[in-house]
Amino acid sequence: MKIVMGSDHAGYELKEAIKEKLQNEGHEITDVGCYSTESVDYPKYGHAVGKAVASGETERGIAICGTGIGISIAANKVPGVRAGLVTSVWQAEMTKAHNDANVLCMGGRVVDKELAFEMVDAWMNTEFMGDKHLRRINELEDLDF
Ligand code: RB5
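Residues numbered from 1 in each chain as written. Predicted model: local features only at pLDDT ≥ 70, side-chain atom pairs only at ≥ 80, totals over all residues. Heavy atoms only, no water.

*Asks:* Mind laying out the site of the ligand, listing which residues take part and the relevant values?
*Replies:* Taken together, Asp8, His9, Ala10, Tyr42, Cys65, Gly66, Thr67, Gly70 and Arg109 make up the full set of residues near the ligand. Side-chain polar atom of Asp8 to an oxygen atom of the ligand: 2.6 Å apart, as the coordinates give it. A distance of 2.7 Å is found between an oxygen atom of the ligand and a backbone nitrogen or oxygen belonging to Gly66. For the ligand, whose accessible area on its own is 290 Å², the fraction buried by protein is 70%. (Near = heavy atom within 4 Å. Polar contact = N/O pair within 3.5 Å; in protein donor to acceptor, adjacent residues only side chain to side chain. Areas by Shrake-Rupley, 256 points an atom, 1.4 Å probe, with all protein chains shown as cover.)

*Asks:* If you had to explain helix H5 (residues 113-124) to someone new, which residues and values would you point to?
*Replies:* In this model H5 runs 16 Å from its N-terminal to its C-terminal C-alpha over twelve residues, within 8% of the 16 Å that 1.5 Å per residue would give. When we look at burial in H5, the residues that qualify are Ala116, Met119, Val120, Ala122, Trp123 and Met124. Contact partners of the buried residues in H5: strand E1 (2-7), helix H1 (12-24), strand E3 (60-65), helix H4 (89-97) and strand E5 (103-107). (Helix = DSSP H or I, 4+ residues; strand = E, 2+ residues; numbered from the N terminus. Expected span 1.5 Å × (residues − 1). Buried < 20%, exposed > 50% of the residue type's maximum accessible area, 1.4 Å probe, protein only. Contact = heavy atoms within 4.5 Å.)

*Asks:* An account of the environment of Tyr42 is requested, with residue identities and associated values reported.
*Replies:* Tracing the backbone through its elements, the reader meets Tyr42 in helix H2 (residues 42-54). Once the C-alpha coordinates of Tyr42 and Asn24 are considered, the two residues, 18 residues apart in sequence, prove to be 27 Å apart.

*Asks:* Would you mind going over the packing of aromatic side chains in detail, with residue names and values included?
*Replies:* On inspection of all chains with the given rule, the structure shows zero aromatic pairs. Lying across the ring of Trp123, Arg60 places its NZ or CZ 4.6 Å from the centre. (Phe/Tyr/Trp six-rings, centres within 6.5 Å; stacked < 30°, edge-to-face > 60°. Lys NZ or Arg CZ within 6 Å of the ring centre and 35° of its normal.)

*Asks:* Please set out the side chain of Asn102 residue by residue, giving values where relevant.
*Replies:* Relative to the helices and strands, Asn102 is located in the loop between H4 and E5. Here the side chain of Asn102 touches Gly80 through a polar contact of 3.0 Å, landing on its backbone oxygen. The contact partners of Asn102, leaving out residues within four places of it in the chain, are Val53, Glu59, Arg60, Gly61, Gly80, Val81, Arg82, Ala83 and Trp123.

Rendered as structure tokens:
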């Protein structure tokens, strides 16, 4: 699968670890940066991840900053993106099953590598449930009730 990954400096090391794991599993990773632990601003990287997914260039995206919060806000600003910020395996599963999250976000200062890997696996291996959940994600595109 084609997956875009992006992080700021606080998510860099976790991004690299997840990138290696996914590449070893045969996935094609586009890395939009950052490329070191030198301090950078997260909006640009969240936006780049969101754009790659929304444009169809990649099927999914993973975005990581220190808390996961800033970069998830940035990714969610791109129309068509449903970025889910997760801290547990169950949330990772549910953000695919119920939200059809096309971007997974996490905090490099919040979760360790083992949990991060388990969350990525859960999100990758879960199917969107559709039905009422499809109605709800469609409502996200038209919030003028
Ligand atoms: C960087 O210090 C930190 O603010 C950033 O990684 C992120 O947590 C913002 O939401």
